[in-house]
Amino acid sequence: NGTSLQECSTNGAAVFNLLSVNNIVNGGQPGTTVAWYTDPGGNDPISNPGSFTTSSTTVYAIVSGGDCDSEPAAITLEVTDPATPQLGTATVCENSGFFDLNDIIDPNLSAGDWSGFGVNGTNFNPTGLSGDITLTFTPSLPCTMPGTTTITVNEPAAPNLSTATLCQTSPA
């Protein structure tokens with residue numbers, strides 16, 4: 001019937017609630033039960049279909065009700081890897097004022113929260129900081145992992161003054 005479920009990976013596996021698609025599998029028919037199996041022949045039952053841990057695979061549902069059981073319906077279970085934002089880097093001067101972190105955010109994962117020294121919302125304040133500062137962006141979307149980036153804060157260059165001899169040639 002083309003039904004599939006997706007869940008986010010935790011070390012290559014995920015927990016699926018197969019019961020969440022019972023009404024799809026049985027067509028919403030009252031008085032039917034759905035049994036879940038790891039094989040199309042219905043020989044290896046899934047003991048806890050409400051919390052089934054697996055890697056990507058296909059499971060099979062057989063609907064019982066009335067005089068006959070259905071043919072096995074294949075349900076695809078897809079385990080997806082969490083996405084990590086690809087963040088840019090930046091170099092700023094310690095006295096350059098606020099830097100907009102939206103300038104280095106991944107456009108595919110732009111909703112979330114920044115954290116780290118100098119962060120205030122979506123701005124970075126380099127005042128009082130120097131060197132490489134590591135910031136973390138935690139996306140708010142499901143099935144994502146935090147990403148990190150580095151902002152290099154340079155100290156303002158000191159003026160290079162040389163000495164000079166000045167003579168007063170006329171009184172002021």
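Just so it is clear, the structure is predicted and the values come from calculations on it, not from any experiment.

Chemist: Explanation requested: the state of the cysteines in the structure shown.
Modeler: Note on terminology: a disulfide is the covalent bond linking the sulfur atoms of two cysteines. Overall, the coordinates contain one disulfide when judged by the stated rule. Between the sulfur atoms of C8 and its disulfide mate C143 the distance is 2.2 Å. Because the sign of the S-S torsion sets the handedness, a value of about 80° for the bond joining C8 and C143 places this disulfide among the right-handed ones. Highlighted residues: C8 in strand β1 (residues 4–8) and C143 in the loop between β13 (131–139) and β14 (147–154), separated in sequence by 135 residues. Since its relative accessible area comes to 27%, C8 is described here as partly exposed.

Chemist: What am I meant to see in the environment of P30 here?
Modeler: Among the structural elements, P30 can be located in the loop between α1 (22–25) and β3 (33–37). You can call P30 exposed: its relative accessible area is 78%. Spatially, the C-alpha atom of P30 lies 8.8 Å from that of G65, the residues being 35 residues apart in sequence.

Chemist: Before we go on, may I ask you to explain the sheet that holds strand β12 (residues 123–124) in this structure?
Modeler: Sheet strands line up and pair through hydrogen bonds in the backbone, either parallel or antiparallel. The three strands lie next to each other as β9-β12-β11, forming an open sheet whose pairing is antiparallel. Looking at the sheet topology across the chains shown, the edges are occupied by β9 (99–100) and β11 (119–120). Direction of pairing for β9 relative to β12: antiparallel, over a ladder of two bridges. Along β12, the bridge assignment pairs D100 with N123.

Chemist: Honestly, the side chain of T3 in this entry has me stumped. Any pointers?
Modeler: For T3, the position within the fold is in the segment before β1. With residues near it in sequence (within four places) discarded, T3 still touches V21, I24, A74, I75 and T76.

Chemist: So what exactly am I meant to see when it comes to the sheet that holds strand β8 (residues 90–93) here?
Modeler: Judged by pairing direction, the sheet is mixed, and its four strands sit side by side in the order β8-β14-β13-β10 without closing on themselves. Each edge of the open sheet is held by one strand with a lone partner, namely β8 and β10 (112–115). Neighbouring strand axes in the sheet, compared pairwise and without regard to direction, differ in orientation by 30° on average. Both β10 and β13 contribute to a ladder of four bridges, which runs antiparallel. Each bridged residue has a counterpart across the sheet, and for G112 the counterpart in β13 is P139.

Chemist: Looking at this model, I keep getting lost on the nonpolar core. Mind explaining?
Modeler: Counting residues in each nonpolar core, the largest one holds 16 residues, and the members touching the most others are F16, L18, V25, W36, V59 and L77. Secondary structure elements with two or more residues in this core: β2 (14–16), β3, β5 (57–65) and β7 (73–80). Sequence-distant contacts of F16, defined by excluding residues within four places in its chain, comprise L5, Q6, E7, P49, G50, S51, F52, T54, L77, E78 and V79. Membership of the second largest hydrophobic core comes to 15 residues, among which are L87, A90, I105 and I133.

Chemist: I keep staring at the side chain of N22 and nothing clicks. Help me out?
Modeler: By the secondary structure assignment, N22 is in helix α1. For N22, the residues in contact, after removing those within four places along its chain, are V34 and W36.

Definitions and cut-offs
Residues numbered from 1 in each chain as written. Predicted model: local features only at pLDDT ≥ 70, side-chain atom pairs only at ≥ 80, totals over all residues. Heavy atoms only, no water. Disulfide = S-S within 2.5 Å. Helix = DSSP H or I, 4+ residues; strand = E, 2+ residues; numbered from the N terminus. Buried < 20%, exposed > 50% of the residue type's maximum accessible area, 1.4 Å probe, protein only. Pairing = 2+ DSSP bridges. Contact = heavy atoms within 4.5 Å. Axes fitted to C-alpha atoms, helices over the stretch in contact; angles between N-to-C directions. Core = buried A, V, L, I, M, F, W, Y, C linked by side-chain atoms within 4.5 Å.

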